[in-house]
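Results of the structural survey
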Amino acid sequence: MEHLPTSLLTDILTEKIKRDSSEQYGDFVSSLNSLTEEQKTMEDLKQFDHHFDKFLPQLDLMISNQNHEAIMNMKATLLDLFANDLTFKSIYLLSTALSNNKELPFMYPVTFWAPVIKSNELLKKAG
């Protein structure tokens, strides 16, 4: 995560960096999933939420300058990231880091729906 630019999370959520066509998007997802892969407990995961500190100031600034529609689009993009590309552990780590930031009040609906969607996908694959 250290090698990634500070604007990367903001650029992903505002869709300046596209999921299907950007190597940086893949780097972010791979770095996050790799970071959480070896962690066994919630406490282990929480030790890594500081890795997101560098992304938050830029994201805070972007959110403070956006209207309701733009923020809703960012939520949808975050949910897409959670549902399609991140592991459960990565979702937990990123949502914890974002939820700890008081400037990001939009985390609740995203953190609710991501596990619902992921669980539904697992059930469909199993049955």
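See the structure above.
An account of the accompanying structure is given in this report. Counting starts from 1 at the beginning of each chain's written sequence and moves along it residue by residue. The model is predicted, so local features are restricted to residues of pLDDT at least 70 and side-chain atom pairs to those at 80 or more, both for listing and for counting; the totals for chains, interfaces and linings are taken over all residues. Only hydrogens and water are set aside when side-chain values are computed; all heavy atoms of the structure are taken into account.

Let's shift gears to the packing of aromatic side chains. Centres within 6.5 Å are what make two rings of Phe, Tyr or Trp a pair, Trp counting through its six-membered ring; a difference in plane orientation under 30 degrees is then read as stacked, over 60 as edge-to-face, and the rest as tilted. The tally for this structure, following the rule as stated, stands at two aromatic pairs. Consider the rings of Phe28 and Phe55, whose centres lie 5.9 Å apart with planes at 80°: the pair is edge-to-face. Of this pair, Phe28 sits in helix α2 (residues 23–37) while Phe55 sits in the loop between α3 (42–46) and α4 (56–64); the two residues are 27 residues apart in sequence, bridging distant segments of the chain. Take Phe28 and Phe55: they sit in the same class, and that class is buried. Judged by its relative accessible area of 0%, Phe55 is buried. Aromatic rings pair up to connect Phe28, Phe52 and Phe55 into one cluster. Elements are defined by DSSP. Helices are runs of H or I of four residues or more, strands are runs of E of two residues or more, and each kind is numbered from the N terminus. Partly exposed describes any residue whose relative accessible area lies between the buried limit of under 20% and the exposed limit of over 50%, with all areas from a 1.4 Å probe on protein chains only and scaled to the type maximum.

Tracing the backbone shows Asp11 in helix α1 (residues 8–13). This buried residue, Asp11, is left without a salt bridge; Lys16 holds the nearest opposite charge, at 4.4 Å. The contact criterion used is simple: two residues touch if any of their non-hydrogen atoms lie within 4.5 Å. Excluding its chain neighbours within four sequence positions, the residues that come into contact with Asp11 are Lys16 and Ile17. A residue counts as positive if it is Lys or Arg and as negative if it is Asp or Glu; His and the chain ends are not included. A pairing counts as a salt bridge when a side-chain nitrogen of Lys or Arg comes within 4 Å of a carboxyl oxygen of Asp or Glu.

One turn of an α-helix holds 3.6 residues; hence residues three or four places apart share an orientation. By this rule the span expected of a helix is its residue count minus one, scaled by 1.5 Å. Along its twelve residues, helix α6 (residues 88–99) runs 16 Å from first to last C-alpha, staying within 8% of the 16 Å computed at 1.5 Å per residue. For α6, the full list of buried residues reads Ser90, Ile91, Leu93, Leu94, Ser95, Thr96, Ala97 and Leu98.

Quick look at the pattern of salt bridges now. Inspection of the entire model under this criterion finds two salt bridges. Salt-bridge contacts for Asp85 lead to Arg19; the nearest nitrogen and oxygen are separated by 2.8 Å. Here the residue Asp85 occupies a position in helix α5 (residues 68–85), and Arg19 occupies one in the loop between α1 and α2, the gap between them amounting to 66 residues. Given the relative accessible area of 34%, Arg19 is considered partly exposed. One salt bridge in this structure joins Glu43 and Lys46, with 3.8 Å as the shortest N-O distance. Note that Glu43 and Lys46 are positioned in helix α3 at a spacing of three residues, about one turn of the helix.

Take the packing of α2 against α6 next. For helices, the fitted axis covers only the stretch in contact; all axes are lines through C-alpha atoms, and the angles between them, taken along N-to-C directions, range from 0 to 180 degrees. Running from N to C, α2 and α6 cross one another at 100°; their axes reach a closest spacing of 8 Å. The angle between α2 and α6 falls in the class roughly perpendicular. Across from Leu32, Asn33, Leu35, Thr36 and Glu37 in α2, the residues of α6 making contact are Lys89, Ser90, Leu93 and Leu94. Of the residues belonging to the contact of α2 with α6, the class tally is four nonpolar, three polar and two charged. Any angle that falls under 35 degrees is termed roughly parallel, while one over 145 is termed roughly antiparallel, one within 65 to 115 roughly perpendicular, and all others oblique. Amino acids outside the nonpolar list (Ala, Val, Leu, Ile, Met, Phe, Trp, Tyr, Cys, Pro) and the charged list (Asp, Glu, Lys, Arg) are all regarded as polar, and Gly is one of them.

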